[in-house]
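Reading the structure
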Amino acid sequence: MHTSLRIGLIQGSIRDGRFNDTITNWAAKRLRQQGFDVRIIDPRDPALLPLQVGDPAAEARLCEALDGMDGFVVVTPEYNHAAPGPLKSLIDAAKAEWEARPVGLISYGGISGGLRAAETLRPVFAELHAMTLRDTVSFAMPFNKFDENGELKDPADAKRADAAMVTFGNSLAWWAQALQTARNERPYGRRAA
Ligand SMILES: Cc1cc2nc3c(=O)[nH]c(=O)nc-3n(C[C@H](O)[C@H](O)[C@H](O)COP(=O)(O)O)c2cc1C
């Protein structure tokens, strides 16, 4: 159990009828079962939606929501082999909040499972001094694979996804704990004494 580690779970789509909620809720449930304190950050939330036009008040609300997290998980679909623009706008709207934090990537899409979108986020987070996890969780063509309770219908699919999520959660916990300790010992980077 990874009790007391606070994780911001960031939704990667603001599209009407988005599939993102299904994957986000599935992941939130697993992360909470693993003991993380999970806060969902939704760029479609009316308080955050004005981020898309650079609204300073929405940016301040985002930074407040991200502040104090020990790590992040991004749930991204794939749009034209990349992550959606609104997700990139959300990432761009904060800076110090990402620093020296692990970021786990969960993706979905067509046969690629959204992996190409996930990979586009690695250089973005590197620029922000955040550390993306090597292990990902991805869903290829998941659109009819979940039941009304948000669980994968096929037991083999469910077993594979749960196993991937355990590996992912263990890695997230290790990095979140290690970087929390490091930040407490010495402020990160440019703000270090
Ligand atoms: C503009 C757009 C571009 C897309 N491009 C891709 C793509 O390159 N590869 C892929 O696997 N799926 C692609 N898709 C399919 C999406 O992965 C799928 O529609 C998914 O449900 C989108 O996530 P959302 O419903 O949460 O917004 C695209 C969808 C949209 C809307």
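Refer to the preceding data block for the structure.
Just so you know, these numbers come straight off a predicted model, no measurement behind them.

All right, on to the packing of helix 3 (residues 85–92) against helix 4 (residues 115–127) then. For the pair helix 3 and helix 4, interaxial distance at closest approach is 11 Å and the crossing angle is 15 degrees. With respect to their mutual orientation, helix 3 and helix 4 come out roughly parallel. Where helix 3 crosses over helix 4, the handedness of that crossing is right-handed. Each of Leu87, Lys88 and Ile91 in helix 3 lies in contact with helix 4, whose residues at this interface are Leu121, Val124 and Phe125. Considering only residue class, the contact of helix 3 with helix 4 consists of five nonpolar, no polar and one charged.

Moving on, we come to the pairing of strand 1 (residues 6–11). In terms of burial, strand 1 is a largely internal element, five of the six residues being buried. With five bridges connecting them, strand 1 and strand 2 (residues 37–41) associate as parallel partners. Counted as the bridge partner of glycine 8 is arginine 39 from strand 2. As a crossover connection, the stretch from strand 1 through helix 1 (residues 20–33) into strand 2 is right-handed. In this structure, strand 1 lies alongside strand 3 (residues 71–77), joined through five bridges in parallel fashion. Following the sheet pairing, isoleucine 10 is matched in strand 3 by valine 74.

Cut-offs applied
Residues numbered from 1 in each chain as written. Predicted model: local features only at pLDDT ≥ 70, side-chain atom pairs only at ≥ 80, totals over all residues. Heavy atoms only, no water. Axes fitted to C-alpha atoms, helices over the stretch in contact; angles between N-to-C directions. Helix = DSSP H or I, 4+ residues; strand = E, 2+ residues; numbered from the N terminus. Parallel < 35°, antiparallel > 145°, perpendicular 65-115°, else oblique. Left-handed = near helix turned anticlockwise from the far one by under 90°. Contact = heavy atoms within 4.5 Å. Nonpolar A, V, L, I, M, F, W, Y, C, P; charged D, E, K, R; others polar. Buried < 20%, exposed > 50% of the residue type's maximum accessible area, 1.4 Å probe, protein only. Pairing = 2+ DSSP bridges. Right-handed = clockwise from strand over helix to strand, strands pointing away.

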